Amino acid sequence: MRLIGFLILFITIIACNSNNKNVVEKKPKIKIEVPNFNSDSAYFFVEQQVSFGPRVISSKAWDQCSKYLTNKLESYGAKVIVQQAPITTYDQKKHILRNIIGSYSPEKNNRIALFAHWDSRHVADYDTINTSKPILGANDGGSGVAVLLEIARNINIKNPKIGVDIIFFDAEDYGQPENSKFPNMNDSWCLGSQYWSKNPHKQNYFAKYGVLLDMVGGKDAEFWQEGISSYYASNIIKKVWDVAHNIGYSNFFIYKKSPQIMDDHYYVNTIAGIPTIDIIEYDPFSKTNFNKHWHTHADNMNNVDRKTLKAVGQTVMRVIYSQ
Ligand code: AHN
Ligand code: ZN
């Protein structure tokens, strides 16, 4: 009897072993804990910015909002630097711009940079009325900043392994309108990112990669894989889109290529040399291929959707906490 018992045990062991051989060894999946991105909180951060009025450089609303953003980042535990620089805009006016930079774990060399522009456009050049009045820029400007503030709030509660810099660029949206009577100016857009890319807030600053958020609050927005991003940082595009799909946001993040869009990430890629993608709404059916309210007075709270803020914010958070 004992012999039979041994035999059965022996055969079982052999059988188990040979079975195991066919199983591809799987790395044990380390469960990463990603905090919950609160879209009510992000929505509120858009409201707060818009409550100051249009954030046009040198205006009172702009000054107030810059202080709000600085205080907010500080209250969420970031080390904040406000970078100031003189600029001349296409209309030959002189201003001092403010880039607002909040750093987490500044001592870490392993870092990623998150960008958005915090100014709003000084004209409504795609509206039919009041085209010379500035816009609120709830989506264009406000949404990206709001998502990053909500991420800052979460980082303050639970620190990711990697260092993070949250960088709000000024004067992105003071570009020369198409019908402008001023002499043609090259590189009239993205003045804050041009300055920062040539003069980072820290000597020898480097980040493994960057993510720019621009117009990430439109209802039913689609984010296509933008051309400049795909050229300079195709691996980051893939990483972010794959994460979005894995957590259920495939309606927002589309595996299709959109044309190149001139935006802050262009200068971060070409001048600072940090591979950076732009998550930006692409609408193949609108006149401008941007959100249909782009550079109009309808870019207000009525057209900001929490679901879109959530899709982008939760995706970027998962990327950060997976590093
Ligand atoms: C151009 O208008 C060429 N690019 C869009 C950059 C932008 C403006 N993003 C937000 N506002
Ligand atoms: Zn704009």
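Quick caveat, the model's predicted, so the values are computed rather than measured.

**Thoughts on the overall build of the protein**
Along its length, the protein carries 9 helices and 8 strands. In the protein, buried positions account for 55% of the 323 residues. Sequence separation of at least 24 residues holds for 78% of the intrachain contacts in the protein that already meet a minimum separation of 6. Entry remark: accessible area of the protein is about 15,700 Å², with carbon and sulfur atoms responsible for 54%. Here the protein contributes 36 positively and 31 negatively charged side chains, and the mean placements of these two sets differ by 9 Å.

**Quick look at the layout of surface pockets**
The space that makes up the largest pocket amounts to roughly 380 Å³. Along the walls of the largest pocket sit 24 residues, with W189, M262, F290, W294 and H295 positioned nearest its centre. Tallied by class, the residues present in the lining of the largest pocket amount to 11 nonpolar, 5 polar and 8 charged. When its volume is computed, the second largest pocket comes out at roughly 330 Å³. Forming the boundary of the second largest pocket are 16 residues, of which Y90, V123, P177, N179 and S180 lie nearest the centre. For the lining of the second largest pocket, the per-class residue count stands at 6 nonpolar, 5 polar and 5 charged.

**A look at the coordination of the zinc ion (ligand 2)**
Summarising the metal site, the zinc ion (ligand 2) is bound by the protein donors D140 (OD), D173 (OD), D173 (OD) and H295 (NE2), whose distances to it range over 1.9 to 2.4 Å. Expressed as a motif, the donor residue spacing for the zinc ion (ligand 2) is D-x32-D-x121-H. Of this pair, D140 sits in helix α4 (residues 138–157) while H295 sits in the loop between β8 (276–280) and α9 (306–322), and the two are 155 residues apart along the sequence. Across this residue pair, the class does not change: D140 and H295 are buried.

**Comments concerning the site of ligand 1**
Neighbouring ligand 1 are the residues H117, D140, E172, D173, W189, D214, M215, M262, F290, W294 and H295. Between a nitrogen atom of ligand 1 and a side-chain N or O atom of E172, the distance comes to 3.3 Å. Within the side chain of D214, one N or O atom sits 2.7 Å away from a nitrogen atom of ligand 1. Coverage of ligand 1 by the protein amounts to 85% of the 320 Å² it exposes when considered alone. For ligand 1, the cavity whose grid points lie within 2 Å of the majority of its atoms is the largest pocket.

**Quick word on the sheet that holds strand β3 (residues 111–117)**
Reading across the sheet, the 6 strands line up as β1-β2-β4-β3-β5-β8 and stay open at both edges, with mixed pairing between neighbours. With partners counted over all chains shown, the strands left at the sheet margins are β1 (79–88) and β8, one partner each. The sheet shows a mean angle of 20° between the axes of neighbouring strands, direction not considered. On top of the sheet, helix α7 (residues 234–246) reaches β5 (209–214) and β8; it is set at about 45° to β8, its chief contact. Lying over the sheet, helix α8 (residues 264–272) contacts β3, β4 (163–169), β5 and β8, oriented at roughly 175° with respect to β8.

Conventions we followed
Residues numbered from 1 in each chain as written. Chains lettered and ligands numbered in written order. Predicted model: local features only at pLDDT ≥ 70, side-chain atom pairs only at ≥ 80, totals over all residues. Heavy atoms only, no water. Helix = DSSP H or I, 4+ residues; strand = E, 2+ residues; numbered from the N terminus. Buried < 20%, exposed > 50% of the residue type's maximum accessible area, 1.4 Å probe, protein only. Contact = heavy atoms within 4.5 Å. Areas by Shrake-Rupley, 256 points an atom, 1.4 Å probe, with all protein chains shown as cover. Lys, Arg positive; Asp, Glu negative; His and termini not counted. Charge placed at Lys NZ, Arg CZ, Asp CG, Glu CD. 1 Å grid on protein atoms, 1.4 Å probe; cavity = no way out; pocket = protein on both sides within 12 Å on 5 of 7 lines; lining within 4 Å. Points joined across faces, edges and corners; volume = space filled by probe spheres on them. Nonpolar A, V, L, I, M, F, W, Y, C, P; charged D, E, K, R; others polar. Donors = N, O, S within 2.8 Å, 3.2 Å for Na, K, Ca; no water. Near = heavy atom within 4 Å. Polar contact = N/O pair within 3.5 Å; in protein donor to acceptor, adjacent residues only side chain to side chain. Sits in = over half its atoms within 2 Å of the grid points. Pairing = 2+ DSSP bridges. Axes fitted to C-alpha atoms, helices over the stretch in contact; angles between N-to-C directions.

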